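Structural features, examined
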Amino acid sequence: MAEIIKLGADRSMDFDRETVEQAYDRWAPIYDLVFGGVFSKGRQAAIQATNKIGGRVLEVGVGTGISLPLYSQNVRIFGTDISEAMLEKAKKRVAEQGLKNVEGLAVMDAEKLEFSDNSFDVVMAQYVLSAVPNPEAALDEFARVVRPGGELIILTRVSADAGVRRFIEQKLQPVVRPLGFRTAEFAWSRYTKWLAGARGMELAERRLIPPLGHFSLVRFRKADVAKAA
Ligand SMILES: C[S@@+](CC[C@H](N)C(=O)[O-])C[C@H]1O[C@@H](n2cnc3c(N)ncnc32)[C@H](O)[C@@H]1O
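Since the structure is predicted, the reported quantities are computational estimates derived from the model, not experimental observations.

Another point: the overall build of the chain. When helices and strands are tallied, the chain shows eight helices and nine strands. Here the chain has a C-alpha radius of gyration of 17 Å; the compact-globule value for 229 residues is 17 Å, and the two agree. Burial analysis of the chain (229 residues in total) assigns 53% to the buried set. For the chain, the share of sequence-separated contacts (at least 6 apart) that also reach a separation of at least 24 residues comes to 68%. Where the 32 positive side-chain charges of the chain centre and where its 29 negative ones centre are 5 Å apart.

Right, let's get into the site of the ligand. For the ligand, the set of nearby residues contains 20 residues, the closest of which are Tyr31, Arg43, Gly61, Asp81 and Ala110. Side-chain polar atom of Asp81 to an oxygen atom of the ligand: 2.6 Å apart, as the coordinates give it. Between the ligand and Gln126, the relevant distance is 2.9 Å, taken from a nitrogen atom to a main-chain nitrogen or oxygen of the residue. Contact with the protein chains covers 99% of the free accessible surface of the ligand, which is 590 Å². Counted by class, the shell around the ligand contains twelve nonpolar, four polar and four charged residues.

Core analysis: the biggest nonpolar cluster contains 34 residues, and Leu68, Tyr71, Leu105 and Met124 have the highest contact counts within it. With sequence-adjacent residues up to four places away left out, Leu105 is seen in contact with Val62, Leu68, Phe78, Gly79, Leu87, Ala90, Lys91 and Val94.

As a further point, take the sheet that holds strand E4 (residues 75-81). On the basis of which strands lie adjacent, the open sheet formed by seven strands has the order E5-E4-E3-E6-E7-E9-E8 and mixed pairing. Edge positions in the sheet fall to strand E5 (102-107) and strand E8 (201-209), since each has one partner strand and no second. Between one strand axis and the next, the sheet turns by 15° as a mean value, whatever way the strands run. With six bridges joining them, strand E3 (residues 55-60) and E4 adopt parallel strand pairing. Pairing of Gly55 across the sheet is with Val75, part of E4. Together, E4 and E5 form the strand contacts of helix H4 (residues 84-97), whose direction differs from that of E5 by roughly 160°.

Taking 1.5 Å of rise per residue, 14 residues should cover 20 Å, and helix H3 (residues 40-53) covers 20 Å from first to last C-alpha, within 8% of that figure. Packed against the buried residues of H3 are helix H2 (31-35), E3, strand E6 (120-126), strand E7 (146-157), E8 and strand E9 (215-222). Positioned one or two residues after H3, Gly54 has a phi angle of 70°, which is positive.

Here we take up H4. Helix length check: H4 (14 residues) gives 20 Å between terminal C-alpha atoms against 20 Å at 1.5 Å per residue, within 8%. Within H4, burial applies to Met86, Leu87, Ala90, Arg93 and Val94. End-on, the buried residues of H4 take up no more than an arc of 115°, which puts them together on one face. Residues Glu84, Lys92, Ala95 and Glu96 are exposed on H4 and point more than 90 degrees away from its buried face. Summarising the contacts, the buried residues of H4 are in contact with helix H1 (17-27), H2, E4 and E5. Note on H4: the residue one or two positions beyond its end, Gly98, has a positive phi of about 60°.

Taken residue by residue, the chain gives an average pLDDT of 89. The fraction at 70 or more is 92%. In the model, residues 1-13 has pLDDT below 50 throughout and makes 21 contacts with residues more than four positions away in sequence or in other chains.

Cut-offs applied
- Residues numbered from 1 in each chain as written.
- Predicted model: local features only at pLDDT ≥ 70, side-chain atom pairs only at ≥ 80, totals over all residues.
- Heavy atoms only, no water.
- Helix = DSSP H or I, 4+ residues; strand = E, 2+ residues; numbered from the N terminus.
- Rg over C-alpha atoms; globule rule 2.2 N^0.38 Å.
- Buried < 20%, exposed > 50% of the residue type's maximum accessible area, 1.4 Å probe, protein only.
- Contact = heavy atoms within 4.5 Å.
- Lys, Arg positive; Asp, Glu negative; His and termini not counted.
- Charge placed at Lys NZ, Arg CZ, Asp CG, Glu CD.
- Near = heavy atom within 4 Å.
- Polar contact = N/O pair within 3.5 Å; in protein donor to acceptor, adjacent residues only side chain to side chain.
- Areas by Shrake-Rupley, 256 points an atom, 1.4 Å probe, with all protein chains shown as cover.
- Nonpolar A, V, L, I, M, F, W, Y, C, P; charged D, E, K, R; others polar.
- Core = buried A, V, L, I, M, F, W, Y, C linked by side-chain atoms within 4.5 Å.
- Pairing = 2+ DSSP bridges.
- Axes fitted to C-alpha atoms, helices over the stretch in contact; angles between N-to-C directions.
- Expected span 1.5 Å × (residues − 1).
- Arc of directions from axis to C-beta.
- pLDDT = per-residue confidence, 0-100.

Right, here's the structure in full:
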């Protein structure tokens, strides 16, 4: 039975792995058509930041693999996702486009990554954290598997703290939940609170992503112990 994380007294705010998995299995056939263009500016920014670091990259929530052709050839990518149907699309894309820099694709929960500590130069997740039941647990896992000196490159929703946008985001939350999204509960303070409790992680950048700035590109860096010594 999937664990249910309670985000508030209102049950419509509950979000569990089963709901998300089923939602993205349903999205798979039309995902690229609906979200290909809308999210493309953010993806380009995230991939550019990743290519700059290079090396071995873990893309969590790789989905249909829409971003895989954008990585530079000297980057090796391992992609994971909770939805088998989304991953099937990614596998087809890799085969059809002959993407030789894709090391592997596997069904895996972002909250329980099956990799050793310090395995990757970059862990990146695009439009994923707000779909994960316990984003802090996922961030802990990202921080565990990235190497010292490496980065978490996160393209993520940042909800409004107050005002009309907050009101709309809260009203929308129960409507979009069955679709595998969350609009509320992702104020910037949630990310900084995680950072304050995450040993050895620091904020390298936060950049608003156009058109509306509801999403940000966030880079967290893991302290390089060797350099600090
Ligand atoms: C909005 S889509 C983003 C897909 C892709 N990154 C993109 O840029 O279009 C969210 C993805 O996260 C995946 N996902 C949701 N919860 C997950 C979890 N706990 N572990 C791994 N992947 C998850 C979904 O299956 C879906 O493919």
